[in-house]
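Close look at the chain arrangement
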Amino acid sequence: FVWIWSISAFAQKTHTAENVMKSAFEQAKKENKKVLLLFHASWCGWCKKMEKALLDETCKDFFQKNYVITHLTVQEGANNKSLENAGGETFMDNYGGKGQGLPYWTILDNSGKLLEDSKMEGNNIGCPASPEEVEAFVKKLQNTSKMSQKEAEAVKIRFLKNK
């Protein structure tokens, strides 16, 4: 029992938001990419849709070529608090996500500077699904990557399926 507790305590310390982000920034520097940071929770259906869309065969190469995709788990219910990354909520607040709901995402440079976030006119678009949200999402991707017209179309088509 003590051994299991020790692993759990170790995992919680090593998977702090600070450690997760430090690792993401190191990888982004090494690979010359941006960091696409997703704040999510196990109960969040829209978070699952967002993650599924990012990994879809039609556009996953674009995301993997341009971004280190990183997740911080926040806002879990009482039964799943152990899934949270300690300090994740603070990162979310610091990047403009306080009170925005989930999923909330940001695009950061490899030093942690905020380049884009999931807000459109002050409101969180979360997992883009409507034509306006998808268009705003693609513009943010274009601002932070070398996105071809073909890649933009693939992302638009895939994310419009999120409705």
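What counts, and at which threshold
Residues numbered from 1 in each chain as written. Predicted model: local features only at pLDDT ≥ 70, side-chain atom pairs only at ≥ 80, totals over all residues. Heavy atoms only, no water. Helix = DSSP H or I, 4+ residues; strand = E, 2+ residues; numbered from the N terminus. Rg over C-alpha atoms; globule rule 2.2 N^0.38 Å. Contact = heavy atoms within 4.5 Å. Lys, Arg positive; Asp, Glu negative; His and termini not counted. Charge placed at Lys NZ, Arg CZ, Asp CG, Glu CD. Phe/Tyr/Trp six-rings, centres within 6.5 Å; stacked < 30°, edge-to-face > 60°. Buried < 20%, exposed > 50% of the residue type's maximum accessible area, 1.4 Å probe, protein only. Lys NZ or Arg CZ within 6 Å of the ring centre and 35° of its normal. Pairing = 2+ DSSP bridges. Axes fitted to C-alpha atoms, helices over the stretch in contact; angles between N-to-C directions.

1. With respect to the overall build of the chain
Scanning the chain from terminus to terminus reveals seven helices and six strands. Listed by position from the N terminus, the elements making up the chain come as α-α-β-α-α-β-α-β-β-β-β-α-α. The C-alpha radius of gyration of the chain comes to 16 Å, within 12% of the 15 Å expected for a compact globule of 163 residues. Viewed in the frame of its principal axes, the chain has a C-alpha envelope of about 55 × 35 × 30 Å. Within the chain, counting contacts between residues at least 6 apart in sequence, those at least 24 apart form 62% of the total. Across the chain, the centroid of the 23 positively charged side chains sits 3 Å from that of the 20 negatively charged ones.

2. Digging into the packing of aromatic side chains
Counted according to the given criterion, the structure contains nine aromatic pairs. Ring geometry for Phe63 and Phe137: centres 6.3 Å apart, planes at 20°, overall stacked. Of the two residues, Phe63 sits in helix H4 (residues 60–66) while Phe137 sits in helix H6 (residues 131–143), which places them 74 residues apart along the sequence. Phe137 carries the same exposure label as Phe63, and that label is buried. Among the aromatic side chains, those forming a connected cluster through ring pairs are Phe62, Phe63, Tyr67, Trp105, Phe137 and Phe159. The cationic tip of Lys49 hangs over the ring face of Trp46; the distance from NZ or CZ to the ring centre is 4.2 Å.

3. Examining the side chain of Glu116
The residue Glu116 is located in strand E4 (residues 114–117) in this model. Its relative accessible area of 15% is what places Glu116 among the buried residues. The contact partners of Glu116, leaving out residues within four places of it in the chain, are Thr106, Ile107, Lys140, Asn143 and Thr144.

4. Observations regarding the sheet that holds strand E2 (residues 67–73)
Strand order in the open sheet formed by four strands is E2-E1-E3-E4, with mixed pairing between adjacent strands. Each edge of the open sheet carries a strand with a single partner, namely E2 and E4. Averaged over all pairs of adjacent strands, the angle between their axes in this sheet comes to 25°, without regard to strand direction. Relative to E4, strand E3 (residues 104–108) runs antiparallel, the two being bridged by three bridges. Across the sheet, Thr106 pairs through a bridge with Asp117, a residue of E4. This element, helix H2 (residues 17–31), spans strand E1 (34–40), E2 and E3 of the sheet and lies at about 175° to E2.

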